[in-house]
Every structure is written in C-alpha cells, then in structure tokens.
Amino acid sequence: MLETSARLLRLLSLLQAHREWSGADLADRLGVTPRTVRRDVDRLRELGYPVNASPGTGGGYQLGAGAELPPLLLDDDEAVAVAVGLRTAAGQGIEGIGETSVRALAKLEQVLPNRLRRRVGALNAFTVPMLRGPQPSAVDPAVLTELANLCRDSERLRFEYSDHGGAPSRRTVEPHRLVCSERRWYLVAWDLDRVDWRTFRVDRITPKPPHGPRFAPRTPPAEDLAAYVSKGVSTRAYATHAVVRLLAPLEEAAERISPSAGQLEADGPGACILRTGAASLDVMVIHVMMTGFDFEVLEPAELTEAIRTARDRLSRALLREAPRASPRTRDGAGRTPGTRSGSSAGQ
C-alpha cells in the first residue's frame, strides 16, 4: 500500500511537471507496466485529479483543470518561492489579497518539512518590505481576473472609466494585455470609439457586463508593452515633455527613477538619457532636480530658460535671507563687556 501511494505521488509529480506524457514514457519513469499506469491514472481521477487521456499512437496523458482544486505537489524551491510570493503579495496593490495571502501561507507552513519551514521563517522574520512613494489605490482581484480572462478569450470589454479628475465615461475596448508596474496595474486595449490604442488604470475600471462579442486580436502597439505603458504614463500623459542626460550610470539612475516617472536608456558607462513629462516647465524643473543627479538638458530649449529663471529666483531668495543675530560674548565672570556688575550699578 505504501509503495502504491508513493508511486501515485510520483506519477502526480510527473504529470504536474510536464504538459503531456505518453503511457510508455510514464511506465518507463515509474518502472511499471503501461497497464499499471492506467490503473494509477484511474486512482488519481477518483481522488479528484482531472487526468485527460488521448488515444492513438500520438496520444498520452495530460493533467487538466477540474471543478475543484486538488492538492499540489511542490519541490523545495517551488515551495519557498510560493511562500515568498505570498509574503510580499500584500504590497502589490490588490485589494483583499493581504488576508488571503496570510491564510494560504499559514496552510503552506503547516505542511512544510522542518528544513523548509526554517528557510521560510527566516524570510518572514528578517525581511522588511520597502515601498517607495504613496501606496496606490487597491485593485479588486475579481476585476483583475475578469480582465485577464477577457484578454485570454479575445472578448470585448464594456466598462465605466474614471479619469484623473473623477469624471466617468463609458468605454468599449478590445483588451490585449495587463501590465503591472511597481505601484499600479494597467490595461492595454484597442478603444473602439477612439479607434486607437489606449492604456487604462485598472483601479479606475468598473466592468459593465455583458461583454463580447469575440474579436480577432490586433497587432499590439509595441513589442515591449512594458516600455509602451511606461512611456504613456510618464511622458505622453503630460503637456510638457523633456529629454535630459543624467550624469549617472543607468543602473544607479534606475534605483531612484521608476518606470512611471520616466524612461531611461544607457548613454555610455557613466550617463543615461531620461525621457519624461510634467504638467508644466516649472514642474519639470523640480522633477528633474528631484532625481538628485547632475544633468544636461537636451530638449526642449525652453527648459534651459526655465532652469535659469528658477536659479535667479533662488539666488534672490538667498540674498534676502535675514542676517542671523550674533550671540553676545561674555567675559570669564559671565558679564557682557561694556556693562557694569549689579553691585556697581547701584552706586
């Protein structure tokens, strides 16, 4: 019985690790006959694992999706990776995922062997998340799942969208991909009303079913959709655009400048190019200064003039600084020079 149970677990592990196996390959891996493989597959089905079988010489066995979630087999590295993912999931801007992650992590740690429990425990005890900037608006995981399904099935999406000022609008799009940045989720989709590609913040999307019909996927607006979204949210969305050369290596600049704040590209070993946007030239000056790096303006020329104006304003502010009162020095007896002591003043 123990041998049979161990073989079933080994069979399940093989089915989970590879998309499709022939009966002969499974029999060879397990050291049994094809007939025993067929019996073991039937036992897995009785336990709730949906093992699909295709007949013929080119057929084989494949683990499919069922109505319920059966137990999963994870190797050591997979188990630790899942634990780390659950540990950090609460900081990814998905509403309600924090509590769910804690419950799942508790279940995982309960069945982990001691050697893995120590590794996960060390990660939990000695890891502190560092989240830069204000926390984003939470995304409803049900909405995220709904959008992902529509992207997968190439089905039109109808939704209400709130712009930056909160004004709502009704949209119908052909969803293509979800893009996750450091702080937000975005949907890249073809807008049927505007006849163009658009990027939408998922936390501002309220789906309005029914959706559909199905559509033929279009050629995406760029091969690198992450770079496309980065350019859209950091540059195209603003009235003023600029290109500056930062006198810092690309790796160092990327540690301070997120993809939502600008696009970076290397320009030699000690410099990089920043393409970014802002609401106005005055705001752009502050934005570039806040990077903390020395820089050179490449375009537009008006930005250089705005920097001169800011420099002059700061210089005048320094000139108008009120002089600080000098502290009065006292002699060794604690008296201010030029004044009498209390006793002589009364004479």
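Residues numbered from 1 in each chain as written. Predicted model: local features only at pLDDT ≥ 70, side-chain atom pairs only at ≥ 80, totals over all residues. Heavy atoms only, no water.

Caption draft 1: Just the packing of aromatic side chains, in detail. Applying the stated criterion to the full structure yields four aromatic pairs. Between F159 and Y161, the ring centres sit 6.1 Å apart and the planes meet at 85°, which makes this aromatic pair edge-to-face. Overall, F159 belongs to the buried group, its relative accessible area being 0%. Ring plane angle 80° and centroid distance 5.7 Å describe the contact between W190 and W197, whose orientation is recorded as edge-to-face. Among the residues examined, W197 registers a relative accessible area of 12% and is labelled buried. A network of ring pairs unites the aromatic residues F159, Y161 and F200 as a single cluster. (Phe/Tyr/Trp six-rings, centres within 6.5 Å; stacked < 30°, edge-to-face > 60°. Buried < 20%, exposed > 50% of the residue type's maximum accessible area, 1.4 Å probe, protein only.)

Caption draft 2: Region of interest: the sheet that holds strand β9 (residues 263-266). Ordered in space as β9-β10-β8-β11, the four strands form an open sheet in which the pairing is antiparallel. The sheet is open, and its two borders are formed by β9 and β11 (295-299), each paired with just one other strand. Strand after strand, the sheet turns through a mean of 25° between neighbouring axes, direction not considered. Note that strand β8 (residues 240-246) and β11 share four bridges and pair antiparallel. (Pairing = 2+ DSSP bridges. Helix = DSSP H or I, 4+ residues; strand = E, 2+ residues; numbered from the N terminus. Axes fitted to C-alpha atoms, helices over the stretch in contact; angles between N-to-C directions.)

Caption draft 3: Looking closely at the pattern of salt bridges. Per the counting criterion, the structure on display carries 14 salt bridges. Two residues, D40 and R43, come together in a salt bridge whose shortest N-O distance is 2.9 Å. A residue pair is termed a helical-turn pair when its members lie 3 or 4 positions apart in one helix, as D40 and R43 do in helix α3 (residues 34-46) at three residues. One salt bridge connects R245 with E296, and the closest N-O pair in it is separated by 4.0 Å. Linking R245 in strand β8 with E296 in strand β11, this pair joins segments that are 51 residues apart in sequence. (Salt bridge = Lys/Arg side-chain N within 4 Å of Asp/Glu carboxyl O.)

Caption draft 4: Looking closely at the environment of F200. Relative to the helices and strands, F200 resides in strand β6 (residues 196-201). Residue F200 is classed as buried on the basis of its relative accessible area of 2%. Measuring from C-alpha to C-alpha, the distance between F200 and D163 comes to 9.2 Å, with 37 residues separating the pair along the chain. The residues contacting F200, other than those within four sequence positions of it, are F159, Y161, R171, V173, W185, Y186, L187, A189, D191 and I205. (Contact = heavy atoms within 4.5 Å.)

Caption draft 5: Representation of the pairing of β6. Judged from the six bridges that link them, strand β5 (residues 185-191) and β6 form a sheet pairing that is antiparallel. Each bridged residue has a counterpart across the sheet, and for V188 the counterpart in β6 is T199. Adjacent in sequence and paired antiparallel, β5 and β6 are bridged by four residues, among which V195 carries a positive phi angle near 50°.

Caption draft 6: Representation of helix α11 (residues 301-319). Relative to the 27 Å expected for 19 residues at 1.5 Å per residue, α11 spans 28 Å between its end C-alpha atoms, a close match to the ideal helical length. Taken together, the buried positions of α11 are L303, A306 and A310. In an axial view of α11, the angular spread of the buried residues amounts to 60°, which keeps them on one side of the axis. Set apart from the buried face of α11 by more than 90 degrees, the exposed residues are A301 and L319. Each element contacted by the buried residues of α11 is listed here: β8, α10 (281-289) and β11. (Expected span 1.5 Å × (residues − 1). Arc of directions from axis to C-beta.)

Caption draft 7: Examining the confidence of the model for the chain more closely. With 76% of its residues at a pLDDT of at least 70, the chain reaches an overall mean of 80. Scored below 50 in pLDDT, residues 339-347 makes two contacts in the model with residues more than four places away or belonging to other chains. (pLDDT = per-residue confidence, 0-100.)

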